[in-house]
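Read off the chains here:
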Amino acid sequence: MVDVAQLVAQAREGRPRAVARLISLVEGASPQLREVMAALAPLTGGAYVVGLTGSPGVGKSTSTSALVSAYRKAGKRVGVLAVDPSSPFSGGALLGDRVRMSDHASDPGVYIRSMATRGHLGGLAWSAPQAIRVLDAAGCDVVLVETVGVGQSEVEIASQADTSVVLLAPGMGDGIQAAKAGILEIGDVYVVNKADRDGADATARELNHMLGLGEARGPGDWRPPIVKTVAARAEGVDELVEALEKHRAWMEEHGVLAERRRRRAATEVETIAVTALRERIGDLHGDRRLGALAERIVAGELDPYRAADELVESLTAS
């Protein structure tokens, strides 16, 4: 058993080892997880959470690293969650995005953590919301969440971030990918990275056209900007930070930021509750209640939906 209060106090002081231990408790679904979350709850709400997503190869890690540099220059503490695919052998993070962010390894104002998806669809690790809360409580001003390459099922970042950044690159068929994956609905800011390549202007024009065909926006609604960057040379990064700050200011002015955070909290509660129910149901294999219901279905006395209702009623009553 660890001293949670001491760990949280050390994390508030910016000690990386304490932050790492807290996130490990979260990832490992420690028996002390509830104690950790209870201790962190009053300390959260100060961090601005930015999600970055896009197809593999568009330069997410390079862009994340460039954003870290820009925010550090502004004197902000930065936390980074780089969510990687899981190794099928160890279950651990496979790509190791921290390798690409080694420039910040010795900076005490930056905390970088790779997290494995562990087979979870949606581009985020299941424990990412709690890990974001750890970094928030540890005093990070900005938390950057870089996700697994975007796909049709990998738009979950929109529900976890205050601002979602979608990255594209010229010559990768990203226009088609954007339309197919539904990421036109989740992006608050769009970035055409590797803008020194041929086709960057065409990609930006195509994206602008697709956004124009999307949902109707009123006069006061947010229209996602398109920023061109060459993240490897830090070109356009200041413009990206400016776009992010403008979006944050707009959300605060229109009450959108508070609403997104309420929705995020509701989703988190729902996920925890459903997971708890699923664990209880998982223990039912071989349970006499399940066996009795199955026999009644086979005998034609009961339909599966009514059986499921009875099962849920017995679970909630017990």
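Only a predicted model underlies this, so the values are computations on that prediction, with no experimental measurement involved.

## A closer look at the overall build of the protein
Move 1: The number of helices and strands found in the protein is twelve helices and seven strands.
Move 2: Across the 318 residues that make up the protein, the buried fraction comes to 47%.
Move 3: Across the protein, the fraction of contacts at a sequence separation of at least 24, relative to all contacts at a separation of at least 6, is 74%.
Move 4: On the protein, roughly 16000 Å² of surface is accessible, and the fraction owed to carbon and sulfur atoms is 54%.

## Considerations on the side chain of E27
Move 1: One can find E27 in helix α2 (residues 16-27).
Move 2: Classification of E27 by relative accessible area gives buried; the value is 14%.
Move 3: Within the structure, the side chain of E27 is placed 2.9 Å from the side chain of R113, a separation counted as a polar contact.

## Some thoughts on the packing of helix α1 (residues 4-12) against α2
Move 1: One way to put it is that α1 packs onto α2 with a least axis distance of 8 Å and a crossing angle of 130°. As judged from the angle between their axes, α1 and α2 are oblique. Between α1 and α2 lies a crossing of left-handed hand. Of α2, the residues touching α1 (which contributes L7, V8, Q10 and A11) are A18, V19, R21, L22 and L25.
Move 2: Among the residues making up the contact of α1 with α2, the classes are represented as seven nonpolar, one polar and one charged.

## Here's the deal with the pattern of salt bridges
Move 1: With the rule as written, the count across this model stands at 18 salt bridges.
Move 2: Of the charged contacts, one joins D201 and K228 as a salt bridge, the two residues approaching to 2.4 Å between their closest N and O atoms. Linking D201 in helix α8 (residues 200-213) with K228 in strand β7 (residues 226-228), this pair joins segments that are 27 residues apart in sequence.
Move 3: By relative accessible area, D201 is classed as partly exposed at 44%.
Move 4: Here K228 falls in the partly exposed class, since its relative accessible area comes to 41%.
Move 5: A salt bridge links E235 to R233, with the nearest nitrogen and oxygen atoms 2.8 Å apart.
Move 6: What you see here is one network of salt bridges that share partners, running through R296, R306, D309, E310 and E313.

## Section: unusual backbone geometry
Move 1: One non-glycine residue, A29, lies in positive phi territory at about 50°.
Move 2: Along the chain, the position of A29 falls in the loop between α2 and α3 (33-40).
Move 3: Although it is not a glycine, A234 sits at a positive phi angle of roughly 60°.
Move 4: Structurally, the position occupied by A234 is in the loop between β7 and α9 (237-254).

## A few points about the environment of A29
Move 1: For A29, a relative accessible area of 43% translates into the label partly exposed.
Move 2: Residues A29 and S127, spaced 98 residues apart in sequence, show a C-alpha to C-alpha distance of 8.4 Å.

## A few points about the packing of aromatic side chains
Move 1: All told, the structure shown has one aromatic pair when counted by the stated rule.
Move 2: Residues W222 and W250 carry aromatic rings whose centres are separated by 5.9 Å and whose planes lie at 45° to one another, so their mutual orientation is tilted. A residue pair is termed long-range when its members are at least 10 positions apart, and W222 in the loop between α8 and β7 and W250 in helix α9 qualify at 28 residues.

## A look at the environment of C140
Move 1: Assignment of secondary structure puts C140 in the loop between α5 (128-137) and β4 (142-146).
Move 2: Among the residues examined, C140 registers a relative accessible area of 6% and is labelled buried.
Move 3: With 94 residues separating them along the chain, C140 and G46 place their C-alpha atoms 7.9 Å apart.
Move 4: If we ignore the near neighbours within four places in the chain, the residues touching C140 are A47, R77, V78, G79 and L135.

Scoring rules and cut-offs
Residue positions are counted from 1 within each chain, in the order its sequence is given. Totals for whole chains, interfaces and linings use all residues, but because this is a predicted model, local features are given only for residues with pLDDT of at least 70 and pairs of side-chain atoms are given and counted only at 80 or more. Side-chain numbers come from the whole structure's heavy atoms, not from hydrogens or water. Each helix is a run of H or I in the DSSP string that is no shorter than four residues. Each strand is a run of E no shorter than two, and both are numbered from the N terminus. Exposure classes here rest on a 1.4 Å probe applied to the protein chains alone. A residue is buried below 20% of its type maximum, exposed above 50%, and partly exposed in between. Note on contacts: a residue pair qualifies if any of its non-hydrogen atoms lie within 4.5 Å across the two residues. Every accessible area reported is derived by Shrake-Rupley at a probe size of 1.4 Å, with residue values counting cover from the shown protein chains alone. Here a polar contact means two N or O atoms within 3.5 Å. Within protein one must be a hydrogen donor candidate and the other an acceptor candidate, and residues neighboring in sequence count only if both atoms are side-chain atoms. Lines are fitted to the C-alpha atoms to define the axes, a helix being fitted only along its stretch in contact, and any angle between axes, read from their N-to-C directions, falls within 0 to 180 degrees. Angle categories: roughly parallel below 35 degrees, roughly antiparallel above 145, roughly perpendicular from 65 to 115, and oblique for all the rest. A clockwise turn of the near helix away from the far one marks a right-handed crossing, whereas an anticlockwise turn of less than a right angle marks a left-handed crossing. Each residue is assigned to one class: nonpolar for Ala, Val, Leu, Ile, Met, Phe, Trp, Tyr, Cys and Pro, charged for Asp, Glu, Lys and Arg, and polar for all the others, Gly among them. For this analysis, a salt bridge means a side-chain nitrogen from Lys or Arg found within 4 Å of a carboxyl oxygen belonging to Asp or Glu. By convention, a stacked pair of Phe, Tyr or Trp rings (six-membered ring in the case of Trp) has centres within 6.5 Å and planes under 30 degrees apart, an edge-to-face pair has planes over 60 apart, and any other such pair is tilted.

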